Amino acid sequence: MDAVREAGDAMEEACGVFGVYAPGEDVARLTGYGLQALQHRGQESAGIATSDGVRLVCHKDIGLVTQVFDDDIMDSLAGCLAVGHVRYSTSGRASSRDAAQPHLCSVGNVRIALAHNGTLLGTDAIRIALEAQGATFASGTDTEVAARLIAQEACRCDSVRGGIRRAMEQMEGAYAMVLATPDALYAFRDPRGMRPLSLGRLPQGGWVVSSETCGLDIAGAIFVRDVEPGEVVRLDADGLSSEVATALPPRASCIFEYVYFARPDSIIDGQSVYQARRAMGAILSQEAPVEADLVLGVPDSGTPAAVGYAEASGMPYAFGIVKNHYVGRTFIQPTQAMRQRGIKLKLNPLPSVIAGKRLVVIDDSIVRGNTSRQLVAMLRDAGAAEVHLRIVSPEVRWPCFYGIDTATRDQLLAAERSVEEMRAWIDCDSLAFISLDGLREAVGGATHAGWCEACFTGSYPIESPSA
């Protein structure tokens, strides 16, 4: 079996959005804190737009939140409301300041700043139509198209809420968006609820919107509820108002949020991510038991699942793999030898823990397989007697088109390989994946309205490009 093309081996996060309406508060710094809590969702660029009730101003650039913002910049972003964004590119050029968000747009007397998590489908036709009407674009992002479309529709009907509603009738795909005008904050989700978005209340009475509840926590906001699929929420001096802006197709929330994307301290659709991951490990221990000495988790997302596997199996859990959290995404790997060293920058085994031991190693997923193969080799070099790999998601056989950067199908290890063929290529002693039914049980079972599971099944809730 030929090796899969050398490339990154994780499903990359989508983006993170954050918004604050809180007159009298330092909304820029609150948004900065929120974006740092969401930094795991995107590390390529960061941006914040604020309004003082009259004008919108924005600062954005390439880099982490702490690299893009300092005290002087924060002081210049005074206002009563803010929207912010951390980006991992899923459309447009990576590492481009023009592609960083929020996007500011003015049409007539309508001025907005828009931040988006997800991916819109079929925006080329919308872009062409807007260009024919005189619109110009600075980036290749779907978010800039959405911003222009919303602003234009709002200008036509003299209502930002109406403009959002009309744009939602034309936009297809996955989106959780926050939008600022000079005097109001809006939050809205696609009608299938594919990407998460939560709403919280500050003790002083302001409002916060965040991709995950961990962003609410760091801002000191109390979780109120999720923004519902197809809902448009407006936050302003009159408080909260909301409406369902579009017809609702069947629910299709991304199930992979629980497996990998979300922080373990977040709650999505009422389900604790940490508890869901522990349940995944416990279920996998029943579906794929093995005789071993220690259970290890591949940090960070594999750790709660490893705890669940150990508890359910009765085997001891051990901290046997150290993760370096300070490795940037943009580290240059110009040669094959350097690429092979890349994993050692992120993960390093502890020989004193694992030497001579039979290991059960719990990881969140296998995409291309390179990381798994290199990790197994490192564990063997560190003295592991056996390495049994257990994966708390089913086989990833199909790409995602809804805001997650996955390989084309010919690059996915599981696309055309059996489990035994994957095991042989990775060179572990055994390999097993959780069943789709087991994953569903771990994340809420029959109580949830519906999932997007397309990366496992190839059944896409929205018509997508050929995989």
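Located above this text is the structure these notes cover.
Just so you know, these numbers come straight off a predicted model, no measurement behind them.

Where charged atoms of side chains with opposite charge meet at close range, the side chains can pair. Under the definition given, this model contains 24 salt bridges. Note that Arg41 and Glu257 form a salt bridge whose closest N and O atoms lie 2.9 Å from each other. Of this pair, Arg41 sits in the loop between helix H1 (27-37) and strand E2 (45-51) while Glu257 is found in helix H8 (residues 256-261), placing the two residues 216 residues apart along the sequence. Looking at Arg41, the relative accessible area reads 0%, which means it is buried. Judged by relative accessible area, Glu257 falls into the buried class, the value being 1%. Note that Glu395 is salt-bridged to Arg397, the shortest N-O span being 3.3 Å. Overall, Arg397 belongs to the partly exposed group, its relative accessible area being 26%. Each of Asp26, Arg29, Asp71 and Asp75 takes part in salt bridges that share partners, so that together they form one network.

Spatially, the 6 strands line up as an open sheet ordered E5-E6-E7-E8-E12-E13, and their pairing is antiparallel. Lying at the two open borders of the sheet, with one neighbouring strand each, are strand E5 (103-107) and strand E13 (239-244). This sheet shows a mean twist of 25 degrees between the axes of neighbouring strands, independent of strand direction. Relative to strand E8 (residues 185-189), strand E7 (residues 172-180) is paired through 5 bridges, and the arrangement is antiparallel. For Ala180, the partnering residue across the bridge sits in E8 and is Leu185. Where helix H6 (residues 160-170) meets the sheet, its contacts fall on E7, E8, strand E12 (231-236) and E13, and the angle it forms with E8 comes to roughly 20 degrees.

This part is about the nonpolar core. Among the nonpolar cores identified, the biggest contains 50 residues, and Phe256, Met280 and Tyr402 are the most heavily contacted of them. Those elements giving two or more residues to this core turn out to be H8, helix H9 (273-287), helix H10 (302-313), strand E20 (358-363), helix H15 (436-442), strand E23 (451-452) and helix H16 (454-457). One finds Val107, Leu114, Val160 and Ala167 within the second-largest nonpolar core, a separate group that totals 30 residues.

Scanning all chains against the criterion turns up 5 cavities of 30 Å³ or more. Computed from the structure, the largest cavity encloses a volume of approximately 110 Å³. Lining the largest cavity are 15 residues, with Cys254, Cys400, Cys452, Ala454 and Cys455 positioned closest to its centre. Those elements that provide at least two residues to the lining of the largest cavity are H8 and H16. Its residues assigned to classes, the lining of the largest cavity shows 14 nonpolar, no polar and 1 charged.

This part takes up the sheet that holds strand E9 (residues 198-201). Reading across from one edge, E3-E2-E4-E1-E10-E9-E11 is the order of the 7 strands in this open sheet, with antiparallel pairing throughout. Looking along the sheet, the strands with just one partner apiece sit at the ends: strand E3 (56-62) and strand E11 (222-226). Within the sheet, the average angular offset between the axes of one strand and its neighbour, ignoring direction, is 15 degrees. Sheet topology places E9 next to E11; 4 bridges connect them, and they run antiparallel. Its bridge partner lying in E11, Ser198 is registered against Asp226.

Right, let's get into the packing of helix H5 (residues 142-157) against H6. Relative to each other, H5 and H6 sit at 125 degrees, their axes nearing to 7 Å. Considered as vectors, H5 and H6 are oriented oblique to each other. In this structure, H5 meets H6 at a crossing whose hand is right-handed. Residue-level contacts link Leu149, Ile150, Glu153, Ala154, Arg156 and Cys157 of H5 to Val160, Gly162, Gly163, Ile164, Arg166, Ala167 and Gln170 of H6. Broken down by class, the residue content of the contact of H5 with H6 amounts to 7 nonpolar, 3 polar and 3 charged.

At a closest axis distance of 10 Å, the pairing of helix H4 (residues 123-132) and H5 adopts a crossing angle of 50 degrees. One finds that H4 runs oblique with respect to H5. Crossing hand, H4 versus H5: left-handed. Along the contact surface, H4 presents Thr123, Ile126, Arg127 and Leu130, while H5 presents Asp142, Val145, Arg148, Leu149 and Gln152.

Definitions and limits used
Residues numbered from 1 in each chain as written. Predicted model: local features only at pLDDT ≥ 70, side-chain atom pairs only at ≥ 80, totals over all residues. Heavy atoms only, no water. Salt bridge = Lys/Arg side-chain N within 4 Å of Asp/Glu carboxyl O. Helix = DSSP H or I, 4+ residues; strand = E, 2+ residues; numbered from the N terminus. Buried < 20%, exposed > 50% of the residue type's maximum accessible area, 1.4 Å probe, protein only. Pairing = 2+ DSSP bridges. Axes fitted to C-alpha atoms, helices over the stretch in contact; angles between N-to-C directions. Contact = heavy atoms within 4.5 Å. Core = buried A, V, L, I, M, F, W, Y, C linked by side-chain atoms within 4.5 Å. 1 Å grid on protein atoms, 1.4 Å probe; cavity = no way out; pocket = protein on both sides within 12 Å on 5 of 7 lines; lining within 4 Å. Points joined across faces, edges and corners; volume = space filled by probe spheres on them. Nonpolar A, V, L, I, M, F, W, Y, C, P; charged D, E, K, R; others polar. Parallel < 35°, antiparallel > 145°, perpendicular 65-115°, else oblique. Left-handed = near helix turned anticlockwise from the far one by under 90°.

These figures come from the coordinates and say nothing about function on their own.
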